[in-house]
Amino acid sequence: MRRTALTLTVAFASLATALVPGVSQVGAAASQAQPSGGIQWDKCPAEISPLPIPEGMQCGTLKVPLDYRRPDGRMIDIAVSRLASKKPEARRGVLLTNPGGPSPGQGYPAFLVAAGLPQTVLDSYDVIGFDPRGIGKSTPVTCNLTPSQQATGNIPPYARNAADVAKRAVEMKQVAKQCATSKTSWMLPHVSTANTARDMDRIRSALGESTISYAGASWGTHLGAVYTTLFPERSDRIVLDSNLGPGGWDYPSERLWSRGVEDRFPDFAKFAAANHREYGLGRTSAQVTAKFHELAARLEKSPVQTPDGPFDAVAFRLLNFGLLYGSVQLPMLAGIWKALDANQAPPPLPGGGATEDPEKLMSGRYYMICNDSRWPTSVQTYQRNVATDRVRYPLFGAAGANIQPCAFWPEPAEPPVRITDRGPSNVLLVQNLRDPATPLAGAEKMLGAFGNRATMVTADQGGHGVYPMGRNQCAKHAVTTFLTTGERPDRSYHCSAEAEPR
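Below: a short report on this structure. Predicted, not measured: the structure shown is a model, and the values here were computed from it.

**With respect to the packing of helix H11 (residues 285-301) against helix H13 (residues 330-341)**
In contact at an axis separation of 11 Å, H11 and H13 are set at 50 degrees when each is read in the N-to-C sense. Compared by their axis directions, H11 and H13 come out oblique. By crossing handedness, the relation of H11 to H13 is classed as left-handed. For the pair H11 and H13, contact is made by Val-288, Lys-291, Phe-292, Glu-294, Leu-295, Arg-298 and Leu-299 and by Trp-337, Leu-340 and Asp-341, respectively. Split by residue class, the contact of H11 with H13 holds 6 nonpolar, no polar and 4 charged.

Below you can see the structure in the form of structure tokens.
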């Protein structure tokens, strides 16, 4: 189970404001201090992406302050990439990008090209990728996580009862202690989304640009929202795809996973029922849903033995969560169910993703998300919420409500950035109706926080991610039009499953 869970964790990983006096001023003043230049461009190393590196894509490193309150103090590295427009007459600026995670993003332009980013967008911008501070080839952090601690993953396990929550609380308190005492603990107070947004503004300045456009997905929506809140006057066209709520990856957002799985699961049930002859999981969606609970109960009592160890109900629920991200993965998920139903080891997940060190990736995520928001500190709160969500959302509720190291985290260096409606109306949200990881409910809260600054286009499809890999042409057309012409819908609207651009 340990290695199996770790395999799943790694596979899915590649799953103008007045908040407080001085927040926006810190961002602006620090950015003003950065002179143009500072990135020495060179050929990108192949290991930053499992996909081919596009011709002409360059990589480099930018020095930024560890602490923006002390811009002349200790510096850290930010790994940056650039895929320059090959049509100077069509180029209008730079498009910073982020894949979510938080995960390495230096190789993300290669993914966007492979996923079908339109040529008109590639002509209009230099597409910029970067690894957030603390992650990837940027100055990394560590919590000295053991293999056992890595196996628990950044996604909490499904808790069967209050005792499971209490046991995990002890484990997470130890993880928080390790993060706070590791050899990179000097970085801990400063790895945050706000400081990552300030790093983005240093990238902007180093590229010699007065403004930047931005396209970010999943956690990257929070990063983009924070950037355009801290630097509204330097934000050009902002696209946020598959949105977290305005609090980012906080405890309410994590609990929303449970709602997201319930929203998305009917798509899989419908697929499996339509292909009952092949998979034998049920002739109706209701029968497939019943099969889920039957398999979970069976695996809890008698895990299936695999070469990587026992495959139990916790791994089964996590696997379902991860493979519901994409529609192309539904046949794979059904095949795994079929094997488990026959008490056979499931086929291995296909390889993929850059060879990112899982320990450093998980540590970087803990640093980032735990610094970004306040989490409940009472173990009883998590036990109560787990009991509630296990009933309300039986597929994944007792995982989304479980406890994280953030419950035991040191006090962050600054308050969270509050997303507001202050700034230009230049934000476009795009969102699938049935997203397991960033459900529509969170996107609606993000839209509400932006007020008149944003409009949202929803797509009648399931999965995590709309642009450019989604099938809904109507929603993709809205994003491409906004990025290339600046024409953004003046009101929110919905794209049906069959919609095509006019």
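**Re the nonpolar core**
The biggest cluster of nonpolar side chains holds 110 residues, and the ones touching the most others in it are Phe-268 and Trp-337. Considering every element that reaches this core, the biggest residue donor is helix H9 (residues 251-274), with 8 residues. If we skip the residues at most four places from it in the chain, Trp-337 touches Phe-265, Phe-268, Leu-281, Val-288, Lys-291, Phe-292, Leu-295, Phe-316 and Asn-320. Counting 29 residues, the second largest nonpolar core, distinct from the first, contains Cys-44, Leu-117, Val-479 and Phe-482.

**Regarding the state of the cysteines**
Covalent bonding between the sulfur atoms of two cysteines defines a disulfide. In total, this model carries 4 disulfides according to the counting rule given. Here Cys-44 is linked by a disulfide to Cys-59, with a sulfur-sulfur distance of 2.1 Å. Between Cys-44 and Cys-59, the S-S dihedral sits near 100 degrees, and the bridge is therefore right-handed. Here Cys-44 is found in the loop between strand E1 (42-43) and strand E2 (58-65), whereas its partner Cys-59 is found in strand E2, with 15 residues between them in sequence. With relative accessibility at 7%, the residue Cys-44 sits in the buried group. Classification of Cys-59 by relative accessible area gives buried; the value is 7%. Sulfur-sulfur distance for the disulfide between Cys-370 and Cys-406 comes to 2.1 Å. Because the torsion about its S-S bond is -70 degrees, the bridge between Cys-370 and Cys-406 counts as left-handed. Of this pair, Cys-370 sits in helix H14 (residues 358-372) while Cys-406 sits in the loop between helix H16 (397-400) and strand E10 (427-434), and the two are 36 residues apart along the sequence. Neither Cys-370 nor Cys-406 differs from the other in exposure class; each is buried. Disulfide connectivity for the protein, with bonded cysteines indexed by sequence position, reads 1-2, 3-4, 5-6, 7-8.

Cut-offs and rules
Residues numbered from 1 in each chain as written. Predicted model: local features only at pLDDT ≥ 70, side-chain atom pairs only at ≥ 80, totals over all residues. Heavy atoms only, no water. Axes fitted to C-alpha atoms, helices over the stretch in contact; angles between N-to-C directions. Helix = DSSP H or I, 4+ residues; strand = E, 2+ residues; numbered from the N terminus. Parallel < 35°, antiparallel > 145°, perpendicular 65-115°, else oblique. Left-handed = near helix turned anticlockwise from the far one by under 90°. Contact = heavy atoms within 4.5 Å. Nonpolar A, V, L, I, M, F, W, Y, C, P; charged D, E, K, R; others polar. Core = buried A, V, L, I, M, F, W, Y, C linked by side-chain atoms within 4.5 Å. Buried < 20%, exposed > 50% of the residue type's maximum accessible area, 1.4 Å probe, protein only. Disulfide = S-S within 2.5 Å.

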